[in-house]
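These are the residues of each chain, in order.
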Amino acid sequence: MITYLRAYGNHTNQIYEFVLGLLLSEKLKTKYRPLFVKELFPYYPEIKKRYKNIKTVVFYPIISFFLLVLKKLSLIKPTNVSNFSECKNLVKEFPNNKNIILDSWDYKSNSILFENEDLFQKKHQYLFNLFNTDITNIRGKYISEKINIALHIRRGDYIGYNGGCFYYSDEVYLNKVKELCKIIKTNNIRLIICTNDSELNKDFYLSEYPDTVFSKESFTTDHQLMAACDYIIGAPSSFSMWASFLGQTPCMHIYKPDAELTKKDFVIFESSPVSAF
């Protein structure tokens, strides 16, 4: 059996962790017990449906607490999925270790855990099905016939994350949009902004790009809206990474606000980022 000890990060990180363990359990042909799965039920009906008849799910938080105590006492040593060597050993040693406990996360581990194309495609399809709700009517409100640029403005928790280094001003975000317009040689764009900033200065963006729309949808719908765009720009975040992955959409994460934007900055997120141009 594979047990995933706990969830890390926000919803997008948690869904990665869930799928990581699920596909690994299928690869090794063993049962799967994600101890944080109840946290996903409100957002992903397919996951709730999958686990609704498993009576022990109600005890998962208790089991997680118990295992975390054992970990703290050094009585168990979960596999750190962000550690490449541990991931390799996990697959090799599975026949001699029928009870695997996973902890931590790192999307780059995909290439270690899933070393064949079939599993990668299965992962993509499973995620696509989770996010692929019918947003036809909503999509019509946002996606235009122009070049659609999704701008993911991450505020809120980012003011304290990593010393606030990714908590960017409106000027930084808008400058990156302008630099992209120079690269693609057009200003005929629609700007679609997804943000957790309830006090965003909307007029600032509208004054430069009048055809700017601001999403008022759920985060799962925002994923699909961003995935449907032609380009994605945002602060480093798994949120925009997922949108890029699901839509195969070129995405640029802002690491150095003052650095000039180039084509090479846009990647499509797969098991590891690949060039979008």
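Because the structure is a prediction, the values reported are computed rather than measured.

(A) Region of interest: the overall build of the protein. On a plain count of helices and strands, the protein comes out with 11 helices and 11 strands. A total of 277 residues make up the protein; the buried ones form 50% of that total. Carbon and sulfur atoms make up 51% of the accessible area of the protein, which amounts to about 14200 Å² in all.

(B) Molecular detail of the sheet that holds strand β3 (residues 79-80). A sheet is described by the order of its strands in space; here four strands give the open sequence β2-β1-β4-β3, paired in parallel fashion. At either margin of the open sheet sits one strand with a lone partner, and together these are β2 (32-34) and β3. Against the sheet, helix α3 (residues 60-72) touches β1 (2-4), β2 and β4 (100-103), its axis set at about 85 degrees to β2.

(C) Representation of the nonpolar core within the structure. If you look at the biggest cluster of nonpolar residues, it comprises 56 residues, and the most contacted ones within it are I15, F18, V37, I47, Y51 and L102. When residues no more than four places from it in sequence are discounted, the contact partners of I47 are I15, F18, V37, L40, F41, Y126 and L130. If you look at the next biggest cluster of nonpolar residues, it comprises 27 residues, including I149, I193, Y205 and L261.

(D) The environment of I192, seen in detail. Note on placement: I192 falls in strand β6 (residues 189-195). When sequence neighbours within four positions are dropped, the list of residues in contact with I192 reads Y142, I143, N148, I149, A150, L151, V213 and C229.

(E) Looking closely at the side chain of S104. Along the polypeptide, S104 turns up in the loop between β4 and α5 (110-113). On the basis of relative accessibility, which here comes to 18%, the residue S104 falls in the buried class. Separated by 3.4 Å, the side chains of S104 and S82 make a polar contact. Dropping the residues within four chain positions of it, S104 is found in contact with Y4, Y8, N80, V81 and S82.

(F) Main features of the pairing of β6. Across the seven residues of β6, six count as buried, placing the element largely inside the fold. Across seven bridges, strand β5 (residues 147-153) lies against β6 in parallel orientation. Each residue of the ladder has a partner; that of A150, found in β6, is I192. Following the chain from β5 across helix α8 (residues 170-184) to the adjacent parallel β6, one finds a crossover that is right-handed. Relative to strand β7 (residues 212-214), β6 is paired through three bridges, and the arrangement is parallel. When the sheet's bridge partners are listed, L191 is paired in β7 with T212. Each parallel crossover has a hand, and the one from β6 via helix α9 (residues 202-208) to β7 is right-handed.

(G) Representation of the packing of helix α1 (residues 11-28) against helix α11 (residues 238-247) in the model. Put simply, α1 and α11 touch, their axes get as near as 8 Å, and they point 55 degrees apart. Here α1 lies oblique to α11, going by the angle between them. Here α1 runs over α11; the crossing is left-handed. Each of T12, N13, I15 and Y16 in α1 lies in contact with α11, whose residues at this interface are S238, F239 and W242. Here the residues of the contact of α1 with α11 sort into four nonpolar, three polar and no charged.

Conventions and cut-offs
- Residues numbered from 1 in each chain as written.
- Predicted model: local features only at pLDDT ≥ 70, side-chain atom pairs only at ≥ 80, totals over all residues.
- Heavy atoms only, no water.
- Helix = DSSP H or I, 4+ residues; strand = E, 2+ residues; numbered from the N terminus.
- Buried < 20%, exposed > 50% of the residue type's maximum accessible area, 1.4 Å probe, protein only.
- Areas by Shrake-Rupley, 256 points an atom, 1.4 Å probe, with all protein chains shown as cover.
- Pairing = 2+ DSSP bridges.
- Contact = heavy atoms within 4.5 Å.
- Axes fitted to C-alpha atoms, helices over the stretch in contact; angles between N-to-C directions.
- Core = buried A, V, L, I, M, F, W, Y, C linked by side-chain atoms within 4.5 Å.
- Polar contact = N/O pair within 3.5 Å; in protein donor to acceptor, adjacent residues only side chain to side chain.
- Right-handed = clockwise from strand over helix to strand, strands pointing away.
- Parallel < 35°, antiparallel > 145°, perpendicular 65-115°, else oblique.
- Left-handed = near helix turned anticlockwise from the far one by under 90°.
- Nonpolar A, V, L, I, M, F, W, Y, C, P; charged D, E, K, R; others polar.

Functional significance is not addressed by these values, which are geometric in nature.
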